[in-house]
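A structural walkthrough
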Amino acid sequence: MAKKRESKVKVGVTCQCQDPAVPRPPKLLRKTQCKSCGKIFQTNRPLNEKGVDLCLKCRTKR
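Described below are features of the structure shown in this document.

**Things to note about the overall build of the protein**
The secondary structure content of the protein amounts to 1 helix and 2 strands. Listed by position from the N terminus, the elements making up the protein come as β-β-α. Buried residues in the protein amount to 16% of all 62 residues. Put simply, 2% of the contacts in the protein that link residues at least 6 apart link residues at least 24 apart. Surface exposure of the protein reaches about 6500 Å², of which carbon and sulfur atoms provide 54%.

**Here's the deal with the state of the cysteines**
Here, the word disulfide means a covalent bond between the sulfur atoms of two cysteines. If you walk through the whole model with that rule in mind, you get 0 disulfides. For Cys34, which is in no disulfide, the shortest distance to another cysteine sulfur is to Cys37 and amounts to 3.7 Å. What makes Cys34 buried here is its relative accessible area of 4%. Left unpaired, Cys58 is separated from the closest cysteine sulfur, that of Cys55, by 3.6 Å. Overall, Cys58 belongs to the buried group, its relative accessible area being 10%.

**Describing the environment of Leu28**
The topology assignment puts Leu28 in the segment before β1 (30–33). Leu28 sits 15 residues away from Thr43 along the chain, and the two C-alpha atoms are 8.2 Å apart. With residues up to four places along the chain from it excluded, the contact list for Leu28 reads Thr43 and Asn44.

**Things to note about the pairing of strand β2 (residues 40–43)**
The side chains of a regular strand alternate between the sheet's two faces. Covered by surrounding structure in β2 are Phe41 and Thr43 only, the residues Ile40 and Gln42 on the alternate face being uncovered. Bridge count for β1 against β2 is 4 bridges, and the pairing is antiparallel. Across the sheet, residue Gln33 finds its bridge partner in β2, namely Ile40. In this structure, the hairpin formed by β1 and β2 is closed by a connection of 6 residues, where Gly38 is found at a positive phi of approximately 85°.

Cut-offs used in this document
Residues numbered from 1 in each chain as written. Predicted model: local features only at pLDDT ≥ 70, side-chain atom pairs only at ≥ 80, totals over all residues. Heavy atoms only, no water. Helix = DSSP H or I, 4+ residues; strand = E, 2+ residues; numbered from the N terminus. Buried < 20%, exposed > 50% of the residue type's maximum accessible area, 1.4 Å probe, protein only. Contact = heavy atoms within 4.5 Å. Areas by Shrake-Rupley, 256 points an atom, 1.4 Å probe, with all protein chains shown as cover. Disulfide = S-S within 2.5 Å. Pairing = 2+ DSSP bridges.

Now the structure itself:
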């Protein structure tokens, strides 16, 4: 059987550890207080969506 040859040519692969993290713009996140437990959390959900005033823990209990 013939051996497979490994290509030594790099095809535009860059190390992801060198890429800087992309900061999330602060205007997308807003602070909200949970109506059930009083915890202050950040969300990007619109105000007109149902259950937006509940934190994730309280939302999953419903």
